[in-house]
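Observations on the model geometry
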Amino acid sequence: MSEVKVYERPKSWMPNVSSHYCPGCGHGIAHRLVCEVIDELGIQNDTIGVAPVGCAAMIYDYMDTDYCEAPHGRAPAVATGLKTVRPDKIVYTYQGDGDLASIGMGEIVHAANRGQNITVIFINNAIYGMTGGQMAPTTLLGQKATTCPLGRDAKVNGYPIRVSEMLATLPAPGYITRVTVAQPKYIIKAKQAIKKAFQNQVEGKGFSLVEVLSSCPTNWGMRPVEAFDWLISSMMPYYPLGDFKDFD
């Protein structure tokens, strides 16, 4: 019986590079999904990624495509500039919640409101990862962080922001959805959403954002398996999965 290869390193994954992410972090899974989609669409040589500040910025260590670094929160603005001067290229940002939903909130709102023909991959792990576990705009009520050690209090800190639902109220975006990489059954749907977001750009359908619920075991103070379980039991009820806008 001949052997059949069913799993291999994506061609758009940087050769001879191993993951540096903490055990149980969802970034590596999300990176691979982006790579697989780029391979399947045949756009590796035409893709430009924009990296932010934070753990998400490390994607340029793994992706064998053109990449551009952006100041903290400014990835949508940089992507807008790139897409404007090179409309023939596929331009996407890969951002964490601290980057996109905090200092970059104005940037993402206006890019979405213009219907900018870019793709945004938004990793929501409800905390600042690289910079020390501070409270993010997406940190849940009662969730502890270094800047709210007793847990987030709505009276003091406001409520967690549901970015996808908020952006979906704008008339211009073409596709806004929320997925997760917490379990294999969800990962399959996450890849489908990411592929659709890139395909929309190829077809000129405007702004697409895929929010990916992910885990941060280190800053959550949990073991990897516990972190994914907590994501499902605590994050998903507040951040439900599904499409919030789809012009198709």
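Residues numbered from 1 in each chain as written. Predicted model: local features only at pLDDT ≥ 70, side-chain atom pairs only at ≥ 80, totals over all residues. Heavy atoms only, no water.

By the naming in an unreviewed UniProt entry, the protein goes by 2-oxoglutarate oxidoreductase subunit KorB and is assigned to bioreactor metagenome.

**Re the pattern of salt bridges**
Considering all chains together, one arrives at 11 salt bridges under this definition. Notably, a salt bridge pairs Lys195 with Glu40, separated by 2.9 Å at the nearest N-O pair. Of the two residues, Lys195 is situated in helix H7 (residues 184-202) and Glu40 in helix H1 (residues 27-41); the sequence distance between them amounts to 155 residues. Using a relative accessible area of 31% as the deciding quantity, one classes Lys195 as partly exposed. (Salt bridge = Lys/Arg side-chain N within 4 Å of Asp/Glu carboxyl O. Helix = DSSP H or I, 4+ residues; strand = E, 2+ residues; numbered from the N terminus. Buried < 20%, exposed > 50% of the residue type's maximum accessible area, 1.4 Å probe, protein only.)

**Regarding the nonpolar core**
In this structure, Val34, Tyr92, Tyr94, Ile121, Ile194, Phe198 and Val210 are the most contacted members of the largest nonpolar core, which totals 32 residues. Counting residues per element, this core draws most heavily on H1, at six residues. Leaving out residues up to four positions away in the same chain, Val34 has contacts with Met63, Tyr92, Ile121, Ile194 and Phe198. Counting residues in hydrophobic clusters, the runner-up holds 23 residues, among them Met105, Val120, Val163 and Leu209. (Core = buried A, V, L, I, M, F, W, Y, C linked by side-chain atoms within 4.5 Å. Contact = heavy atoms within 4.5 Å.)

**A short note on helix H2 (residues 75-85)**
Among all positions of H2, only Ala75, Pro76, Ala79, Thr80, Leu82 and Lys83 are buried. Projected down its long axis, H2 carries its buried residues within an arc of 170°, all on one side. Away from the buried face of H2 by more than 90 degrees, exposed residues Thr84 and Val85 are located. Of the surrounding elements, those touching the buried residues of H2 are strand E1 (47-51), strand E2 (66-69), strand E3 (90-96), helix H4 (105-113) and H7. (Arc of directions from axis to C-beta.)

**Section: the packing of aromatic side chains**
Inspection of every chain in the model, using the stated rule, returns seven aromatic pairs. Ring centres 6.0 Å apart and planes at 80° place the aromatic pair Tyr67 and Tyr92 in the edge-to-face group. Of the two residues, Tyr67 sits in strand E2 while Tyr92 sits in strand E3, which places them 25 residues apart along the sequence. You can call Tyr92 buried: its relative accessible area is 0%. On the numbers, 5.0 Å between centres and 85° between planes, the contact of Tyr238 with Tyr239 is edge-to-face. The residues Tyr238 and Tyr239 share a single accessibility class, namely buried. Each member of the aromatic cluster is reached from another via a ring pair, and the members are Tyr60, Tyr67, Tyr92 and Phe198. The ring of Tyr238 carries Arg162 above its face, with NZ or CZ at 3.7 Å from the centroid. Here the guanidinium or amino end of Lys196 rests over the ring plane of Tyr175, the centre of that ring lying 4.9 Å away. (Phe/Tyr/Trp six-rings, centres within 6.5 Å; stacked < 30°, edge-to-face > 60°. Lys NZ or Arg CZ within 6 Å of the ring centre and 35° of its normal.)

**Description of the sheet that holds strand E4 (residues 119-124)**
Adjacent strands of a sheet pair through backbone hydrogen bonds, lying either parallel or antiparallel. The seven strands are arranged E2-E1-E3-E4-E6-E5-E7 in an open sheet whose pairing can be described as mixed. At either margin of the open sheet sits one strand with a lone partner, and together these are E2 and strand E7 (242-246). Ignoring which end each strand starts from, the neighbouring axes of this sheet average 20° apart. Contacts from H1 reach E1, E3 and E4 within the one sheet, and its direction differs from that of E3 by about 170°. Along the sheet, H7 contacts E3, E4, strand E5 (175-180), strand E6 (208-213) and E7; its crossing angle with E5, the most-contacted strand, is approximately 155°. (Pairing = 2+ DSSP bridges. Axes fitted to C-alpha atoms, helices over the stretch in contact; angles between N-to-C directions.)

**Brief notes about the side chain of His27**
For His27, the location among the structural elements is in helix H1. A polar atom in the side chain of His27 sits 2.8 Å from the side chain of Tyr94. Among all residues touching His27, those that are not within four sequence positions of it are Tyr21, Cys55, Ala56, Tyr94, Ile123 and Ser214. (Polar contact = N/O pair within 3.5 Å; in protein donor to acceptor, adjacent residues only side chain to side chain.)

**Quick word on the UniProt feature "domain: Thiamine pyrophosphate enzyme TPP-binding" (unreviewed entry) in the protein**
Within the UniProt annotation, "domain: Thiamine pyrophosphate enzyme TPP-binding" (unreviewed entry) is assigned to residues 53-212. Here residues 53-212 runs as 34% helix and 18% strand, with 17 Å between its end C-alpha atoms. (UniProt positions renumbered as here; feature names shortened; annotations may be inferred.)

**As for the pairing of E1**
Counting buried positions over the five residues of E1 gives five, a clear majority of the element. Because side chains alternate across E1, one face comprises the buried residues Thr47, Gly49 and Ala51, and the other comprises Ile48 and Val50, equally buried. As paired strands, E1 and E3 are joined by four bridges and run parallel to one another. Looking at the pairing, Val50 lines up with Thr93 of E3. With four bridges connecting them, E1 and E2 associate as parallel partners. When the bridges of E2 are listed, Ile48 appears paired with Asp66.

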